[in-house]
Every structure is written in structure tokens, then in C-alpha cells.
Amino acid sequence: MRVGLYPGTFDPITMGHVDIIRRAAMLVDKLVIGVAINRDKGPLFSLEERVAMIEAECAYLTEQTGTEIVAHPFENLLIDCARDVGAQIIVRGLRAVADFEYEFQMVGMNRALDDSIETVFLMAEAKHQAIASKLVKEIARLGGDVSKFVTPRVNTALKERLG
């Protein structure tokens, strides 16, 4: 069984994330969405809320693709999380050159820690390349419309959280 791990903070999950999840699900038999706890980032949504959002948004993708998709919180090294869930592949989404430079360094470090786990990069669809959770939160915080960037369920959660 091919297991992939798609890690991130997902605070909140965006249409860009959903696009990468949908496409990654076609490459593996099981896709684990690694939800980074990362207390230093001061997330808007709690870990439990982020996991619930991911599960809700991915339920239809599991039906659509036939791939099991599960959320898995983690606070350890990414490579250790990959080992914990039995992943042979780490999936990363790329939006721009700046993403690539950071990811290139991460791949090198992860390969040094465990060269049996491959990293696969998926380019974000053109319409999703500008979407970043940080920007979505900022737009929503300032009263802007983020409905193009998140699902209706996440949009509602943002409105409830930010007033």
C-alpha cells in the first residue's frame, strides 16, 4: 500500500490545499494529512478545529477518489511523522519560486535523515497560486471577502471566529 503524507498547519484549509489533496489522493492508496501543532505560529483555529475542518472537507474527496484520507496531528519532526504513519512519500505543494527554495532545503535535510522517503512536489493550479492561509486570515480579519479562497464551510468558520 502506498501511503503519502501531506503536512501543513492548515490554519485554515484553503482551496489550494484542497486542490493538492485531491491530486495527491490520485497518487497513493492512503493520504495522511499531517496537521502540524506548531504552537509558535499562534494559530487562529485550535488543533481540534483544524482537524475537523480537514475531515469535513476531505470526506467527499475520499468518496470521489476511493483513496482513504485521514487527518493526523503531529508535533515531531516531519520525517518522524512520515515514519509514524508509514508514509513512503511526502507531498508538498508549490506556489512560487520562493516556496521551491525553502522546500529544496527541507528535502535535503529530510533525505539526510531518511533517504527511503521521497518528496513529491505538486504545483498549485494557476487559480490557486496566490492563496496562502496567512493572507486569507488577514483579508478575513479586515472584513474582506475570502469566499474565492476557501470552501463555504471554512468561510463560515472564519466569519464566526473573526466577527
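This text goes with the structure placed above it.
Residues numbered from 1 in each chain as written. Predicted model: local features only at pLDDT ≥ 70, side-chain atom pairs only at ≥ 80, totals over all residues. Heavy atoms only, no water.

### Quick look at the nonpolar core
Nonpolar side chains tend to gather and get buried jointly when the protein is soluble and globular.
Then, number 1: In this structure, Ile21 and Leu158 are the most contacted members of the largest nonpolar core, which totals 34 residues.
Then, number 2: Contributing elements (two or more residues each) for this core: helix H1 (15-25), strand E2 (30-36), helix H2 (47-65), strand E3 (68-74), strand E4 (89-94), helix H5 (133-141) and helix H6 (152-162).
Then, number 3: In terms of residue count, the dominant contributor to this core is H2 (six residues).
Then, number 4: Other than its neighbours up to four places away in sequence, isoleucine 21 contacts Tyr6, Ile13, Leu31, Ile33, Cys58, Leu61 and Ile69.
Then, number 5: Grouped together as the second largest cluster of nonpolar side chains are 13 residues, Val3, Ala36, Ile90 and Ile117 included. (Core = buried A, V, L, I, M, F, W, Y, C linked by side-chain atoms within 4.5 Å. Buried < 20%, exposed > 50% of the residue type's maximum accessible area, 1.4 Å probe, protein only. Helix = DSSP H or I, 4+ residues; strand = E, 2+ residues; numbered from the N terminus. Contact = heavy atoms within 4.5 Å.)

### Re the environment of leucine 27
Then, number 1: Relative to the elements of secondary structure, leucine 27 occurs in the loop between H1 and E2.
Then, number 2: Linking leucine 27 and isoleucine 89, residues 62 residues apart in sequence, is a C-alpha distance of 9.7 Å.
Then, number 3: Leaving out residues up to four positions away in the same chain, leucine 27 has contacts with Arg2, Val120 and Leu122.

### Focus: the layout of surface pockets
Then, number 1: Size it by volume and the largest pocket reaches roughly 1200 Å³.
Then, number 2: Around the largest pocket, the lining is made up of 42 residues, and of these Pro7, Gly8, Thr9, Lys41 and Arg92 lie nearest the centre.
Then, number 3: Among the elements that take part in the lining of the largest pocket, helix H4 (residues 97-113) stands out by supplying eight residues, more than any other.
Then, number 4: Here the lining of the largest pocket is built from residues that sort into 21 nonpolar, twelve polar and nine charged. (1 Å grid on protein atoms, 1.4 Å probe; cavity = no way out; pocket = protein on both sides within 12 Å on 5 of 7 lines; lining within 4 Å. Points joined across faces, edges and corners; volume = space filled by probe spheres on them. Nonpolar A, V, L, I, M, F, W, Y, C, P; charged D, E, K, R; others polar.)

So far we have only geometry, and geometry alone does not tell us how the molecule works.
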